[in-house]
Amino acid sequence: MPEVPLSVRLEQERTARREAELERDRLAFLASAGTALTTTLDPVSTVGTLAQLLVPALCDWCTVHSVDDAGRLKEAATAHATEEGIGLLEGSRHEVDKAGKPLAWGIDDVARSGRAARWRDVTEDELAARAVGSLDADLQRQLATTAVVVLPLLGRGRVIGVVTCARTRDGASGRHFDLADERLIDNVVARAGMALDNARLFAERTQVARILQQALLPPHLPEIPDVEVSARYRTAEEQLDVGGDFYDLFQLPDGCWSIVIGDVSGKGSVAAAITGLVRNTIRAVSQPGQSPSDTLRRANEVLLGQVDDTRFCTAALVHLRPGPTGATVWVASGGHPRPLVLPLEGEVRPLACTGTLLGVVPDPKLSDVEVHLGRGDAIVLYTDGVTEARRDRQEFGEAGIAEALRQCRGRSAGTIADHVARSVHAWAGTGGGDDAAVLVVRRAP
């Protein structure tokens, strides 16, 4: 066998090193792309990140279309390596043509079939045949498109989007895609499909949680003559599951009003079921002439028989009877944060009502506290998501609520509730950590 010349061997070694370096660069790019695509669970951000990853690293322009449940396509992101190209693409927003024409480059075909389409050397005839709808041949000539790859975005086996990547005559990445380029684009798009599907699942589950959470709260609070009632509910920003905070307001047959606020331990569907059980149980066992503590005791008996011993509930129950000179209020608490009284004159003070958690022991220690609300006085109930809102390691606490209330003397119930909610948000920002409810009852001045 003849010996390979030294110059040939050196060239082969250089070629092998270049290929190895290119492969390392591709793997590094793929790893960084995977990280970038999974840093957010927002579908819009994920789609935008995908377009920016592909352009200009792997192609000169790119469009991403989303596919809804009905199979309709809508442009979700656009990117081009030049400002002029961005203007061309953005000026030709190409959703499905109203006359039913297909989209350019067979995007609609890819969406239906889930199979990729590739044009490795775009001829004038192909350009004229494929450039239809609003993305027409003139636009493609201005873009100087020379190669196109159209790939489906797949999530759990279904097409959730379509990605179009193209190279141009004067593009920095070359006129055409080689097999290594296409494999890399395929891998990036596959990762994007999984990331986008996860983002959509997160968004859908969050929406379901929000709807279920609202179903556990009264759609509106009934009006009490000469009494203002207002509530605010803040869902934790990062919360995915349904929380256990709830409140309710209803009138008893003897004309007394029952107001309850509570918090079930845990999150998710089980907590939601128990929350509904607690709220409905308190309504069911409430009787005219019955003290708040007796109502909570009866609710506790029901909960012990229906809830496992790993779950519990806290609740503060108020009975309010308006009168000509004010309102008489009786309050009992089953392990719940103490309500605060905001008088029209005088200091903010907590009510001395404490008691045992509900759903834990058969004979909870519960007692009633009576207070008179003069005209303009208010009582403020809240869940521990308010007091436990954190800034670094410091909690907002009962002192934070009291300070917020001092700034609301003489204000309406709605203004008081708004101010407390804003104060908690200003303290903890979006990292409040837990759901929080505030309920304000104020004797009208």
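As a reminder, the structure under discussion sits directly above these lines.
Caption draft 1: The sheet that holds strand β14 (residues 378–382), seen in detail. In spatial order, the strands read β6-β17-β14-β11-β12; together these five strands make up an open sheet with antiparallel pairing. Only two strands of the sheet have a single partner each, and these edge strands are β6 (227–234) and β12 (349–350). In the packing of helix α12 (residues 413–428) onto the sheet, the strands contacted are β6, β11 (340–342), β14 and β17 (436–443), and the crossing angle to β6 comes to about 25 degrees.

Caption draft 2: Representation of the packing of helix α2 (residues 43–54) against helix α7 (residues 179–215) within the structure. In the contact formed by α2 and α7, the axes pass within 9 Å of each other and the chain directions differ by 170 degrees. The angle between α2 and α7 falls in the class roughly antiparallel. In contact with P43, T46, V47, L50 and L54 of α2, α7 contributes I185, V188, A192, A195, L196, A199, R200 and A203. Among the residues forming the contact of α2 with α7, the class breakdown is 11 nonpolar, one polar and one charged.

Caption draft 3: Here's a closer look at the sheet that holds strand β3 (residues 117–119). Taken in spatial order, the five strands of this open sheet run β2-β1-β5-β4-β3, and their pairing is antiparallel. Each of the sheet's edge strands pairs with one partner strand only, and the pair in question is β2 (73–80) and β3. The average angle at which neighbouring strand axes cross in this sheet is 15 degrees, direction not considered. The strands touched by helix α3 (residues 83–90) within the sheet are β1 (61–67) and β2, with β2 carrying the most contacts at an inclination of about 165 degrees. The strands touched by α7 are β1, β3, β4 (145–155) and β5 (158–168); relative to β4, the strand with the most contacts, the crossing angle is about 35 degrees.

Caption draft 4: Region of the structure containing the state of the cysteines. Applying the stated rule across the entire model yields zero disulfides. Of all cysteine sulfurs, the one in C59 lies closest to C165, which takes part in no disulfide; the gap is 4.1 Å. Residue classification places C165 among the buried positions, given a relative accessible area of 0%.

Caption draft 5: Structural view of the layout of surface pockets. Here the largest pocket is characterised by a volume of approximately 200 Å³. Among the secondary structure elements, those contributing two or more residues to the lining of the largest pocket are α3 and α6 (137–143). It is α3 that provides the largest number of residues to the lining of the largest pocket, a total of three residues. For the lining of the largest pocket, the per-class residue count stands at five nonpolar, six polar and four charged.

Caption draft 6: Examining helix α9 (residues 292–306) more closely. If you check α9, its first and last C-alpha atoms are 21 Å apart, about what 15 residues at 1.5 Å a residue would give, namely 21 Å. Of the residues making up α9, those classed as buried are P292, S293, T295, L296, A299, N300 and L303. Buried residues of α9, seen end-on, are gathered within an arc of 150 degrees and therefore sit on one face of the element. Of the residues in α9, the exposed ones pointing more than 90 degrees away from the buried face are E301 and G305.

Caption draft 7: Representation of the nonpolar core in the model. In terms of nonpolar packing, the biggest core is built from 46 residues, with Y247, V278, I282, L296, L320 and V329 touching the most fellow members. For V329, the contacting residues outside a window of four places in its chain are V318, H319, L320, V369, E370, V371, L373 and I379. Ranked by size, the runner-up nonpolar core spans 31 residues in total, among them A51, A77, V188 and A195.

Caption draft 8: Examining unusual backbone geometry more closely. Here V55 and P56 are connected by a cis peptide whose omega angle stands at 0 degrees. Within the secondary structure layout, P56 lies in the loop between α2 and β1. Even without being a glycine, D226 presents a positive backbone phi close to 65 degrees. Within the secondary structure layout, D226 lies in the loop between α7 and β6.

Caption draft 9: Expanded view of the pattern of salt bridges. The final tally for this structure, using the stated rule, is 17 salt bridges. Note that R118 and D186 form a salt bridge whose closest N and O atoms lie 3.1 Å from each other. Remark: D186 occurs in helix α7 and R118 occurs in strand β3; sequence separation between them is 68 residues. Given a relative accessible area of 30%, R118 falls into the partly exposed group. On the basis of relative accessibility, which here comes to 26%, the residue D186 falls in the partly exposed class. In this structure, the salt-bridge partner of E398 is R338, at a minimum N-O distance of 2.9 Å. Remark: R338 occurs in the loop between β10 (326–334) and β11 and E398 occurs in helix α11 (residues 397–406); sequence separation between them is 60 residues. Under the relative-accessibility criterion, E398 is labelled partly exposed at 28%. Take R338: its relative accessible area is 31%, and that puts it in the partly exposed class. Through salt bridges that share partners, R118, R120, E182 and D186 make up one connected network.

Conventions we followed
Residues numbered from 1 in each chain as written. Predicted model: local features only at pLDDT ≥ 70, side-chain atom pairs only at ≥ 80, totals over all residues. Heavy atoms only, no water. Pairing = 2+ DSSP bridges. Helix = DSSP H or I, 4+ residues; strand = E, 2+ residues; numbered from the N terminus. Contact = heavy atoms within 4.5 Å. Axes fitted to C-alpha atoms, helices over the stretch in contact; angles between N-to-C directions. Parallel < 35°, antiparallel > 145°, perpendicular 65-115°, else oblique. Nonpolar A, V, L, I, M, F, W, Y, C, P; charged D, E, K, R; others polar. Disulfide = S-S within 2.5 Å. Buried < 20%, exposed > 50% of the residue type's maximum accessible area, 1.4 Å probe, protein only. 1 Å grid on protein atoms, 1.4 Å probe; cavity = no way out; pocket = protein on both sides within 12 Å on 5 of 7 lines; lining within 4 Å. Points joined across faces, edges and corners; volume = space filled by probe spheres on them. Expected span 1.5 Å × (residues − 1). Arc of directions from axis to C-beta. Core = buried A, V, L, I, M, F, W, Y, C linked by side-chain atoms within 4.5 Å. Salt bridge = Lys/Arg side-chain N within 4 Å of Asp/Glu carboxyl O.

Honestly, it's all geometry; don't read function into it.
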